[in-house]
Amino acid sequence: MTLMTPILICLAVAVCIGVLWLFAPAAALQAAVSVGVIAGLGIAGGIIGELLPRRWFRWEHRPWRAYDWEKNGKVYEKLGIRKWKDKVPDKSRWGGHEYAKTIRGQNDAENAIRLLQETCVAELVHWVLMLLTPLVFRFAHGPMAVLVVVLYGLSHIPCIIIQRYNRPRLCALLKRCQRKGKEPA
């Protein structure tokens, strides 16, 4: 996924709103305002997420730790997560992060700890954005606003699932690294 992903998403949304404008200008305006508010929320959420101190996030404590019902991510495998998780747009791949959010080539305890913290931050941001989604109704009303709000709210669920799926796997990696004596100084 490259910088082209958000550009293509923006173009697709613009085309949909443009086509809607031809048939229902009022609905298109509702959709455009809704999308604008959502874009503002998303940008603000991303910036705040980047600014949060990672030391605040302890993956072994609630609400971040894996719960028994999650069966260390197995419950998400029943949802076919391995097939679709890499297809979900991921801002960390095109957001210009200083920290590469990947295990490849960095199989050590320090990287595992940082990745665990990153999953907690990402999960928090998605929960907050999902809960703030109804704010769109302060700026837009009508059926298109409802549709946009529902779709956007639901769009956070796969992102949260991915974080909750990856966390137990990263915990296992951290334990393996610590057993090998690669604990960071």
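Since the model is a prediction, treat every value here as computed from it, not as a measurement.

1. Points about the confidence of the model for the protein chain
Reasoning step 1: Overall, the prediction assigns the protein chain a mean pLDDT of 80, with 85% of residues at 70 or greater.
Reasoning step 2: Looking over the protein chain, one finds the lowest element-wise mean pLDDT in helix α5 (residues 91-94), namely 62, and the highest in helix α6 (residues 109-132), namely 90.

2. Some details on a nonpolar patch on the surface
Reasoning step 1: A cluster of nonpolar side chains, namely Phe137, Val146, Val150, Leu154 and Ile157, defines an oily patch on the protein surface of about 390 Å² accessible area.
Reasoning step 2: Along the chain, valine 150 turns up in helix α7 (residues 143-179).
Reasoning step 3: The exposure class of valine 150 is partly exposed, given its relative accessible area of 43%.

3. Concerning the packing of α6 against α7
Reasoning step 1: The interhelical angle for the contact between α6 and α7, taken along N-to-C directions, is 160 degrees, at an axis separation of 9 Å. In terms of orientation, α6 lies roughly antiparallel with respect to α7. When the axes of α6 and α7 are compared, the crossing they make is left-handed.
Reasoning step 2: Split by residue class, the contact of α6 with α7 holds 19 nonpolar, five polar and three charged.

4. Some words on the packing of aromatic side chains
Reasoning step 1: The tally for this structure, following the rule as stated, stands at two aromatic pairs.
Reasoning step 2: Ring centres 5.8 Å apart and planes at 55 degrees place the aromatic pair phenylalanine 57 and tryptophan 64 in the tilted group.
Reasoning step 3: Under the relative-accessibility criterion, phenylalanine 57 is labelled buried at 4%.
Reasoning step 4: Tryptophan 64 gets classed as buried once you look at its relative accessible area, which sits at 11%.
Reasoning step 5: Seen from their ring centres, tryptophan 69 and tyrosine 76 are 6.4 Å apart, and the 75 degrees between their planes marks the pair as edge-to-face.
Reasoning step 6: Judged by its relative accessible area of 54%, tryptophan 69 is exposed.
Reasoning step 7: Above the face of the tryptophan 59 ring, arginine 58 is positioned so that its terminal group lies 5.0 Å from the ring centre.

5. Quick look at the side chain of glutamate 70
Reasoning step 1: Within the secondary structure, glutamate 70 sits in the loop between α2 (25-51) and α3 (74-77).
Reasoning step 2: A distance of 2.7 Å separates a polar atom in the side chain of glutamate 70 from the backbone nitrogen of tyrosine 67.
Reasoning step 3: The contacts of glutamate 70, once residues within four sequence positions are left out, are Arg65, Val75, Tyr76 and Arg164.

6. With respect to the pattern of salt bridges
Reasoning step 1: Counted according to the given criterion, the structure contains eight salt bridges.
Reasoning step 2: Ionic pairing is found between glutamate 60 and arginine 58, a salt bridge with its closest N-O pair at 2.8 Å.
Reasoning step 3: Here arginine 58 falls in the partly exposed class, since its relative accessible area comes to 38%.
Reasoning step 4: For arginine 164, the salt bridge is made with glutamate 70, and the minimal N-O distance between the two is 2.6 Å. Taken together, the residues arginine 164 in helix α7 and glutamate 70 in the loop between α2 and α3 connect sequence positions 94 residues apart.
Reasoning step 5: Exposure remark for arginine 164: the relative accessible area of 8% places this residue in the buried category.
Reasoning step 6: Look at the salt bridges and you will find they share partners, linking Glu70, Glu123, Arg164 and Arg167 into a network.

Definitions and cut-offs
- Residues numbered from 1 in each chain as written.
- Predicted model: local features only at pLDDT ≥ 70, side-chain atom pairs only at ≥ 80, totals over all residues.
- Heavy atoms only, no water.
- pLDDT = per-residue confidence, 0-100.
- Helix = DSSP H or I, 4+ residues; strand = E, 2+ residues; numbered from the N terminus.
- Patch = residues over 30% accessible without salt bridge, like charges linked within 9 Å, V, L, I, M, F, W, Y side chains within 5 Å.
- Areas by Shrake-Rupley, 256 points an atom, 1.4 Å probe, with all protein chains shown as cover.
- Salt bridge = Lys/Arg side-chain N within 4 Å of Asp/Glu carboxyl O.
- Buried < 20%, exposed > 50% of the residue type's maximum accessible area, 1.4 Å probe, protein only.
- Axes fitted to C-alpha atoms, helices over the stretch in contact; angles between N-to-C directions.
- Parallel < 35°, antiparallel > 145°, perpendicular 65-115°, else oblique.
- Left-handed = near helix turned anticlockwise from the far one by under 90°.
- Nonpolar A, V, L, I, M, F, W, Y, C, P; charged D, E, K, R; others polar.
- Phe/Tyr/Trp six-rings, centres within 6.5 Å; stacked < 30°, edge-to-face > 60°.
- Lys NZ or Arg CZ within 6 Å of the ring centre and 35° of its normal.
- Polar contact = N/O pair within 3.5 Å; in protein donor to acceptor, adjacent residues only side chain to side chain.
- Contact = heavy atoms within 4.5 Å.

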